[in-house]
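Given next are the chains, with one letter for each unit.
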Amino acid sequence: MSDLINHLTSIHKDVLKEIGNIGAGNAATAFAQFLNTRIHMTVPSVTIVPIEDVPELTGGVESRVISVLLRVTGESPGSILLVFSENSTLNLLEMITDYEIDINNLEEVEISAVMEIGNILSGSYLNAINQMTGLNLFQSVPAFAHDMAGAILSSSMLSIAKNDYALLIETKFINGDEEIEGFFFYIPDPGSLEKILNSLGIETT
């Protein structure tokens with residue numbers, strides 16, 4: 001890992017969590033319009049994790065998960081990986097549809113809905129970064145996968161990752177009494193995280 005990751009201060013972490021909180025607020029508004037229901041979102045934690053730990057963090061190497069991967073381009077490039085358990089995905093889809101869903105045989109419209117959720121989440125967080133830093137970041141068309149967490153990590157989906165660590169923003173969707181947990185990983189290209197922090201006036205050297 002880079003020296004920055006090994007020496008993140010409480011100030012760095014507070015700034016990154018604030019970006020996460022603003023992104024969650026933006027996403028909650030966008031989700032409310034997309035789902036036509038009231039949604040609250042929270043950011044319980046923001047941490048830096050090694051890439052190889054991602055499968056364990058999302059339920060274990062053999063746990064089946066739904067993921068969406070997007071490439072981030074612009075002045076601070078990287079990748080975004082969104083991971084949901086099968087149960088969380090079902091709960092999210094049930095907010096949109098009114099029929100029974102077979103998680104092992106998702107229809108094209110259901111896959112499109114999951115990718116749109118990925119678009120909303122990633123766009124909300126990137127907008128938060130853009131607003132706070134003045135940088136210009138853009139997202140690619142999302143790629144969808146439904147497999148074991150370990151298989152997704154070792155697949156070509158993460159072959160575009162150019163770093164050995166990820167910024168994990170744990171996200172909780174709250175709909176009434178129900179909580180749905182998602183995992184948002186920002187995998188910055190080398191130097192990108194430093195550029196974000198420096199743009200906020202936070203010294204990284």
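Residues numbered from 1 in each chain as written. Predicted model: local features only at pLDDT ≥ 70, side-chain atom pairs only at ≥ 80, totals over all residues. Heavy atoms only, no water.

Caption draft 1: Highlighting the packing of aromatic side chains. Counted according to the given criterion, the structure contains three aromatic pairs. A centroid spacing of 4.2 Å and a plane angle of 50 degrees characterise the contact between Tyr-125 and Phe-184, whose relative ring orientation is tilted. Placement of the pair is Tyr-125 in helix α5 (residues 108-133) and Phe-184 in strand β7 (residues 178-188), with a sequence separation of 59 residues. Across the pair, exposure class does not vary: Tyr-125 and Phe-184 are buried alike. (Phe/Tyr/Trp six-rings, centres within 6.5 Å; stacked < 30°, edge-to-face > 60°. Helix = DSSP H or I, 4+ residues; strand = E, 2+ residues; numbered from the N terminus. Buried < 20%, exposed > 50% of the residue type's maximum accessible area, 1.4 Å probe, protein only.)

Caption draft 2: Region of interest: a negative patch on the surface. Together, Glu-94, Glu-100, Asp-102, Glu-107, Glu-108 and Glu-178 make up a region of like negative charge exposed at the surface. With respect to the helices, strands and loops of the structure, Asp-102 is situated in the loop between α4 (86-96) and α5. Overall, Asp-102 belongs to the partly exposed group, its relative accessible area being 43%. (Patch = residues over 30% accessible without salt bridge, like charges linked within 9 Å, V, L, I, M, F, W, Y side chains within 5 Å. Areas by Shrake-Rupley, 256 points an atom, 1.4 Å probe, with all protein chains shown as cover. Salt bridge = Lys/Arg side-chain N within 4 Å of Asp/Glu carboxyl O. Lys, Arg positive; Asp, Glu negative; His and termini not counted. Charge placed at Lys NZ, Arg CZ, Asp CG, Glu CD.)

Caption draft 3: Region of the structure containing the packing of helix α2 (residues 10-35) against helix α7 (residues 192-199). Close contact between α2 and α7 brings their axes to 11 Å; oriented N to C, the two are set at 90 degrees. Our classification of the angle between α2 and α7 gives roughly perpendicular. Contacts between α2 and α7 involve His-12, Val-15, Leu-16 and Ile-19 from the former and Leu-193, Ile-196 and Leu-197 from the latter. The residue inventory of the contact of α2 with α7, partitioned by class, reads six nonpolar, one polar and no charged. (Axes fitted to C-alpha atoms, helices over the stretch in contact; angles between N-to-C directions. Parallel < 35°, antiparallel > 145°, perpendicular 65-115°, else oblique. Contact = heavy atoms within 4.5 Å. Nonpolar A, V, L, I, M, F, W, Y, C, P; charged D, E, K, R; others polar.)

Caption draft 4: Focus on α7. Among the residues making up α7, those that are buried are Ser-192, Leu-193, Glu-194, Ile-196 and Leu-197. Gly-201, located one to two residues past α7, shows a positive phi value of around 80 degrees.

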